[in-house]
Amino acid sequence: MDARSPDLTPDAAGWRADAPVTKSLAEVNATVAVPAAGRWWRRLLAFVGPGYLVSVGYMDPGNWATDLAGGSKFGYTLLSVILLSNLMAILLQSLAARLGIVTDRDLAQACRATYSPAVNFLLWLACEAAIIACDLAEVIGTAIALKLLFGIPLIGGALLAALDAFLLLLLMNRGFRFLEAFVIALLAVIAVCFAVQIVAAAPPVAEVLHGFMPKSEIFTNPEMLYIAIGIIGATVMPHNLYLHSSIVQTRAYERNDTGRREAIKWATTDSTIALMLALFINAAILVVAAATFHKSGHSDVAEIGQAFELLSPLLGLGIASTLFAVALLASGLNSTVTATLAGQIVMEGFLDLRLPSWARRLLTRGIAIVPVIVVTAIYGERGTADLLVFSQVVLSMQLPFAVIPLVRFVSDRRKMGQFAIPGYVAAIAWIVAGVIVILNVKLLVDTLFG
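Residues numbered from 1 in each chain as written. Predicted model: local features only at pLDDT ≥ 70, side-chain atom pairs only at ≥ 80, totals over all residues. Heavy atoms only, no water.

An unreviewed UniProt entry annotates the protein as Divalent metal cation transporter MntH of Bradyrhizobium shewense. As its UniProt record puts it under Sequence similarities (unreviewed entry), the protein is described as follows: "Belongs to the NRAMP family." Its UniProt record gives the protein the following Function (unreviewed entry) comment, quoted word for word: "H(+)-stimulated, divalent metal cation uptake system." (UniProt positions renumbered as here; feature names shortened; annotations may be inferred.)

What follows is the structure, given as structure tokens:
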């Protein structure tokens, strides 16, 4: 073999012979202690954290527009779609955690250790595009929140958003547990803000519960189906699969069969509970929109700025609009942290290229800020709303390139051994992957040509 070409011969586990052995997020890998004995809740608490970092991506600013549009136009009907997309997310995130725990590789590293250099380079480009698109949504969300709260123009808010480039570096220097605590605190702020708004909106409990039951009209009404596809397309984020497969390895569980079995159990419990919080927040956005806008005849509310202006007058609660904007700002900050971390994981996993956190953050944030400033200057607020939708389309395009390799890896007994998922779970996972891919392709086609 030519000495310059990589050794693509797979080993007994199906990994390429030249696969690097660098640990994922080496600076924090296995740094969080896990008690070997004691009560079950102590072991669960040791694993609490990664699931909440992952859940951030399921309630980022990119999700808000679809939830607002669904609630204002169709009341509580699309709650069933939010529930379905959340169940899909719970399954896929559990598979990502399983991959990281069993193989000691994150999803990017697993791809690099399986596919050819050319395929890996294309996968990396696709994933970087998705992370930049996600960053774009965060810049827009943060800029809108700063304008609503403090009257800062969108261009100024977008520039201020660059200052959070050093936030992750500061948090990581304090330790991974400190980073998790910061994220969980902001999630609590978002949850409290929407809990207050739900109490003020006082939605009929029976109608809300009925909304979680699937309706045939979702498929027969083209407009409703379009928003439903948008909700699913904006919910499952590709970078979250890379993120979760890495950060579960921050726990110092025993790297043997017993330790991995325990780790899978507690990591799956953590992510499931955290994603139920994401379900509550996404559902809360839709419920508030339904109880406030749909009920009062404002069925055309689909933008964050419109919702902010109408919430307080319609609810009769002066602080409602402020709480809405505070939740949006917290969502943007949280998404910043997790997307930056995912970017580091992807770059190191696919390319084994290591950049300082601040340099990588400034690069991706700069790429996201430029189109926001240009579009805002030319088209105003309406343009940024369209740009937010475009960012979700780019994310949807990348999703198959993360989901399909993930399901392949966790179904492979050579790579996973006794921890490979059972046949029926694999079948469900492939169905979910197929549904997500089909719906995202339809969302893309409808958005570009519809």
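Along the backbone of the protein there are 20 helices and zero strands. In terms of overall dimensions, the protein has a C-alpha envelope of 70 × 45 × 45 Å along the principal axes. In the protein, which comprises 450 residues, the share counted as buried stands at 57%. Accessible surface for the protein amounts to roughly 17500 Å². Of this, 69% is attributable to carbon and sulfur atoms. Considering the protein, the positive charge centre built from 30 side chains and the negative charge centre built from 30 side chains are found 8 Å apart. (Helix = DSSP H or I, 4+ residues; strand = E, 2+ residues; numbered from the N terminus. Buried < 20%, exposed > 50% of the residue type's maximum accessible area, 1.4 Å probe, protein only. Areas by Shrake-Rupley, 256 points an atom, 1.4 Å probe, with all protein chains shown as cover. Lys, Arg positive; Asp, Glu negative; His and termini not counted. Charge placed at Lys NZ, Arg CZ, Asp CG, Glu CD.)

Our next topic: the pattern of salt bridges. Close approach of charged atoms lets side chains of opposite charge pair. All told, the structure shown has eight salt bridges when counted by the stated rule. Two residues, Asp412 and Lys415, come together in a salt bridge whose shortest N-O distance is 3.6 Å. Salt bridges here are not isolated pairs; linked through shared partners, they connect Arg43, Glu262 and Lys265. (Salt bridge = Lys/Arg side-chain N within 4 Å of Asp/Glu carboxyl O.)

Let us now look at the nonpolar core. Of all hydrophobic cores here, the largest spans 144 residues; its most connected members are Leu78, Leu107, Phe194, Phe324 and Leu341. No other element matches the 19 residues that helix H14 (residues 257-294) contributes to this core. Of all hydrophobic cores here, the second largest spans seven residues; its members include Cys134, Met237, Val394 and Leu395. (Core = buried A, V, L, I, M, F, W, Y, C linked by side-chain atoms within 4.5 Å.)

Let's shift gears to the confidence of the model for the protein. Caution applies to low-pLDDT regions: their predicted coordinates should not be interpreted in detail. Averaged over every residue, the pLDDT of the protein is 85; residues scoring 70 or more account for 91%. Ranking the helices and strands of the protein by mean pLDDT puts helix H5 (residues 107-112) first, with 95, and helix H17 (residues 357-379) last, with 71. A low-confidence stretch, residues 1-5 stays under pLDDT 50, and its non-local contacts, those more than four residues away or across chains, total two contacts. (pLDDT = per-residue confidence, 0-100. Contact = heavy atoms within 4.5 Å.)

Time to look at the packing of aromatic side chains. Evaluated as defined, the whole model comprises seven aromatic pairs. An angle of 15 degrees between the planes, with centres 6.4 Å apart, marks the rings of Trp40 and Trp266 as stacked. You can see Trp40 sitting in helix H1 (residues 40-47) and its partner Trp266 sitting in helix H14, a full 226 residues away along the chain. Looking at Trp266, the relative accessible area reads 8%, which means it is buried. Residues Phe194 and Phe324 carry aromatic rings whose centres are separated by 6.4 Å and whose planes lie at 80 degrees to one another, so their mutual orientation is edge-to-face. A residue pair is termed long-range when its members are at least 10 positions apart, and Phe194 in helix H9 (residues 176-201) and Phe324 in helix H16 (residues 320-351) qualify at 130 residues. One exposure class covers both Phe194 and Phe324, and it is buried. Each residue in the set Trp15, Tyr115 and Phe409 is aromatic and connected to the rest through ring pairs, giving one cluster. (Phe/Tyr/Trp six-rings, centres within 6.5 Å; stacked < 30°, edge-to-face > 60°.)

Right, let's talk about the packing of H9 against H14 for a bit. Remark: H9 packs on H14, axes separated minimally by 9 Å, with the N-to-C direction vectors making an angle of 30 degrees. Taken together, the axes of H9 and H14 lie roughly parallel to each other. The handedness of the crossing between H9 and H14 is left-handed. Along its contact with H9, which presents Leu187, Ile190, Ala191, Phe194, Ala195, Gln197, Ile198 and Ala201, the element H14 presents Leu277, Phe280, Ile281, Ala284, Ile285, Val288, Ala291 and Thr292. Of the residues contributing to the contact of H9 with H14, the split by class is 14 nonpolar, two polar and no charged. (Axes fitted to C-alpha atoms, helices over the stretch in contact; angles between N-to-C directions. Parallel < 35°, antiparallel > 145°, perpendicular 65-115°, else oblique. Left-handed = near helix turned anticlockwise from the far one by under 90°. Nonpolar A, V, L, I, M, F, W, Y, C, P; charged D, E, K, R; others polar.)

Here we come to helix H15 (residues 304-315). Helix length check: H15, at 12 residues, gives a terminal C-alpha distance of 16 Å against a target of 16 Å (1.5 Å per residue), a fit within 8%. Two residues or fewer past H15, Gly316 is found with a positive phi of approximately 70 degrees. (Expected span 1.5 Å × (residues − 1).)

Right, let's talk about unusual backbone geometry for a bit. A positive phi is found at Ala30, a non-glycine position, where the angle reads about 55 degrees. Looking at the element boundaries, Ala30 is found in the segment before H1. Backbone geometry at Asp104 places phi at a positive 60 degrees, although glycine is not the residue there.

As for its placement among the helices and strands, Asp352 is situated in the loop between H16 and H17. Exposure remark for Asp352: the relative accessible area of 32% places this residue in the partly exposed category. Along the primary structure Asp352 and Glu207 are separated by 145 residues, whereas in three dimensions their C-alpha atoms are 52 Å apart. Here Asp352 is in contact with Pro20, Thr22, Arg112 and Met347, once residues within four sequence places are set aside.

Another point: helix H3 (residues 61-74). Helix length check: H3 (14 residues) gives 21 Å between terminal C-alpha atoms against 20 Å at 1.5 Å per residue, within 8%. Burial analysis of H3 places 13 of its 14 residues in the buried class, the great majority of the element. Just downstream of H3 lies Gly75, where phi reads positive at about 65 degrees.

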